[in-house]
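The primary structure of each chain is shown beneath.
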Number of protein chains: 2
Amino acid sequence: MTDPAADVRARALRAKVASRALRTASSATKNRALHAIAARLRASVGALREANAEDLVSARAAGLSEAMIDRLTLTDVGIQGIARAVEEIAALPDPVGSVSDLVQRPSGIVVGRMRVPLGVVGMIYESRPNVTVDAAALCLKSGNATVLRGGKEAVRSNEALLACVHGGLVDAGLPADAVVAVPPHDRETTKALLGLVGVLDVVIPRGGEGLVRFVAEHARVPVIAHFQGVCHLYVDEGGDPANASDLVVDGKSRPGVCNALECLLVHESGAAALLPALDARLAELGIEVRADERARALMPHAVPATDGDFGREFLAKILAVRVVRSLDEALDHIARFGSNHTEAIVTPSYANADRFLHEVDASCVLVNASTRFNDGGELGLGAELGIATTKLHAYGPMGLRELTTQKWIVYGHGERRGSAPRS
Amino acid sequence: MTDPAADVRARALRAKVASRALRTASSATKNRALHAIAARLRASVGALREANAEDLVSARAAGLSEAMIDRLTLTDVGIQGIARAVEEIAALPDPVGSVSDLVQRPSGIVVGRMRVPLGVVGMIYESRPNVTVDAAALCLKSGNATVLRGGKEAVRSNEALLACVHGGLVDAGLPADAVVAVPPHDRETTKALLGLVGVLDVVIPRGGEGLVRFVAEHARVPVIAHFQGVCHLYVDEGGDPANASDLVVDGKSRPGVCNALECLLVHESGAAALLPALDARLAELGIEVRADERARALMPHAVPATDGDFGREFLAKILAVRVVRSLDEALDHIARFGSNHTEAIVTPSYANADRFLHEVDASCVLVNASTRFNDGGELGLGAELGIATTKLHAYGPMGLRELTTQKWIVYGHGERRGSAPRS
């Protein structure tokens, strides 16, 4: 019996070897691989659905919830969507190799920064099989090798998807080891992966808070992640109540996502104009309101908010509401209860918009727009691997650029630091 | 007796509270504080030297080496240098608040990225007391609070320097807790600091490899660091031997620094033109050569290189030398033995220069220039906190910009993601 930790290391090392070829692969070659992967996905719908069906049978037998079964399911339309996403990634500009700011220094050397792949990216995820392909495609496009550790419940689906990825890589003359899977096994295997300093350059966990915290706790390699999306909307003095109401409803249009609105703060001067009508609207939509005393006086359907309701990510049709006396109080609330994810203000005030934008520490700060815009597609990244709130390297949606770094390059003419170059 | 770990946490939390004020401090205020700090340093030379003298007495009694005593010593000139460095930091452009790439998206929202402080920066360092002020000044300028854990042997020097920093902060109306020191105590206290997730945004260790590895091993907060500077110079086919010889000598002009040259690779076609003359020159300079068999045949003073000599950071007047058959072999050697720090090529070839720049994975890659240029001042950063090789967020010298991150900002007009905005 092979030692599982040694097996994980061996697989990751194969990806590291392959990463050298990817570092220098041309855009044309990488795009050829991406198109080949998309073609194989489209041609393999039957096989993919068969593998997925086996996973679904096991999932039902194991008593997984309908929501989880739903996340696990690959439909014909869904598979076409995965293929299309790969083609869209192929159409994105290649970030690798671009050089910014070439400047001549007093010493005579010409200095710039070149964008380069990170090297080997580890994705640790659960449930959604599409991440297998999304992650591999983004990493490939950005010149990185990928090590995938998917969810136990999606093993056969992920294997079948990976076969399309491997086929596409080889079609284009790239090494199959550019994308390596490690079996999900158990926590010990995952911990082994998280210890591969010098092999993995970064680990990105995607899944529930439990998974993300486990990864953050045990990783010795750098991690980019977000833990929670406790997103606020603050309706400032003079903020338009009709628009504010629309933004609240838009913020709950998909309650289970990380940029969903969790808490509404309202300046006391606008509470009467906003909250009663909003109360009726939310009740009609089946959204439960947990409010402080002042808000409850204006919202008949609301129940009392407990302390734990502020700073909480409900991921459900539940909204916390609080009336505040000033912008400062709203900023204090956000500083205390926010999760550095997404924060928005509705205001007519130039000065307050400016303060909010500057003072709020979150990956995305919005004036007069919905929190639901904190998304790679909406912000212009084209494709994303999730939202980062860990600040370093990536803050907000992680796209191609976040899978690269910049190294310094120097064009010299023989310069020595100690003295002038010989002519 | 206070629990040391709780004490560390309490101090770091004070810095976190202070970081909100720093986030929004104007450039003028921050510069006022920096100039006040510099003035206090210049006015306190006597007191600083007294405190330093006490540390030196203890250091000698403890039997520290002359090299360590030297690093510990604050001279009049040295103190003036620290003050001048602070004034130079004040003169740098403030990176905070700048916005790049404001773009209108199809949804109507206008999207950009704003440069913001990381928040709370932890510096863990040993020996050199000037780091106390350098780190505090760079963090202050970039709007960050600082938590300092200096070396045990410099406790009184660091306290005296910190008093100047605190005085300058308060002179400008900033909280003294913008820069907090935790006593060096022991490894347990340091470990406690390294576990402060959600309080420290990043930890930067500066010191010997032992310290850096301890920090990397135990940190649960993000770490930016370099472990080793195993820097190579590859003299390609046709590379000018006279310039190559100059670059080797320049590479060893300060053998104890991280960008010092540790290994010379020579294309076999140029070995005879370069190595014999270089051998004599290095012998004259007292630089020991550890070479492979082919190089030794041309370098009478050289001793045999053992396997451990390649990939080794000597930090001394010792150079490893190897003859290679091709650029590919040189690239393989660097990929295997390099430490992602600094790598240089001497070549007349356009194609080989291009390959080297693209293919070498290091924080600074140079063509026809000395490895000694991987330095914040030389590359144009103005001031630096050390060289990073951990790739994420910072790769190469860490300056003001590396102490910041970018958040997304959105100027909206009422947009909802679900449907068009109400007019």
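Nothing here was measured: the structure is a model prediction, and the numbers come from that model.

## Here's the deal with the overall build of chain A
Along the backbone of chain A there are 15 helices and 16 strands. A globule of 423 residues ought to have a C-alpha radius of gyration of about 22 Å, and chain A, at 24 Å, matches this closely. For chain A, the C-alpha atoms occupy an extent of roughly 70 × 70 × 35 Å along the three principal directions. Expressed as a percentage of the 423 residues in chain A, the buried residues total 57%. As displayed, chain A has an accessible area near 16100 Å², and 51% of this comes from carbon and sulfur atoms. For chain A, the distance from the average site of its 46 positive side-chain charges to the average site of its 50 negative ones is 9 Å.

## Notes on the domain arrangement of chain A
Along its sequence, chain A is organised into domain 1 (4-226 + 398-408) and domain 2 (231-373). The distance between the C-alpha centroids of domain 1 of chain A and domain 2 of chain A comes to 36 Å.

## Quick notes on the relation of the copies chain A and chain B
Of the transformation placing chain A onto chain B, the axial shift is 0.0 Å and the rotation is 180 degrees, giving an RMSD of 0.0 Å. Both copies are brought into coincidence by an operation consistent with a two-fold rotation axis. When each C-alpha of chain A is compared by its distance to the rotation axis, H393 of chain A comes out closest, at 2.0 Å.

## Quick look at the interface of chain A and chain B
Listed per partner, the contact involves 71 residues of chain A and 71 residues of chain B. Summed over both partners, the interface of chain A with chain B comes to about 6300 Å²; 51% of that surface belongs to carbon and sulfur atoms. When the area that chain A buries against chain B is broken down by residue, the three leading residues are L392, W408 and R417 of chain A, summing to 14%. The tally of links between chain A and chain B comes to 16 salt bridges. Between E217 of chain A and R220 of chain B there is a salt bridge, with its nearest N and O atoms 2.9 Å apart.

## Observations regarding the pairing of strand β11 (residues 318-324) of chain A
Residue and element names in this part refer to chain A. In terms of burial, β11 is a largely internal element, seven of the seven residues being buried. Because side chains alternate across β11, one face comprises the buried residues I318, A320, R322 and V324, and the other comprises L319, V321 and V323, equally buried. Of the strand pairs in this sheet, strand β8 (residues 261-267) and β11 are connected by five bridges, and their pairing is parallel. In the strand pairing of β11, L265 is matched with R322. Bridge analysis of strand β9 (residues 288-291) against β11 gives four bridges, and the strand direction is parallel. Within β11, the residue paired with V289 across the bridge is L319.

## Quick look at a nonpolar patch on the surface
Residues V99, L102 and Y411 of chain A make up a contiguous nonpolar surface patch of roughly 240 Å² in combined accessible area. Within the secondary structure layout, Y411 of chain A lies in strand β16 (residues 404-415).

Cut-offs and rules
Residues numbered from 1 in each chain as written. Chains lettered and ligands numbered in written order. Predicted model: local features only at pLDDT ≥ 70, side-chain atom pairs only at ≥ 80, totals over all residues. Heavy atoms only, no water. Helix = DSSP H or I, 4+ residues; strand = E, 2+ residues; numbered from the N terminus. Rg over C-alpha atoms; globule rule 2.2 N^0.38 Å. Buried < 20%, exposed > 50% of the residue type's maximum accessible area, 1.4 Å probe, protein only. Areas by Shrake-Rupley, 256 points an atom, 1.4 Å probe, with all protein chains shown as cover. Lys, Arg positive; Asp, Glu negative; His and termini not counted. Charge placed at Lys NZ, Arg CZ, Asp CG, Glu CD. Domains from an automatic or database assignment. Least-squares fit on C-alpha atoms with pLDDT ≥ 70 in both. Contact = heavy atoms within 4.5 Å. Buried area = accessible area lost by both parts, 1.4 Å probe. Salt bridge = Lys/Arg side-chain N within 4 Å of Asp/Glu carboxyl O. Pairing = 2+ DSSP bridges. Patch = residues over 30% accessible without salt bridge, like charges linked within 9 Å, V, L, I, M, F, W, Y side chains within 5 Å.

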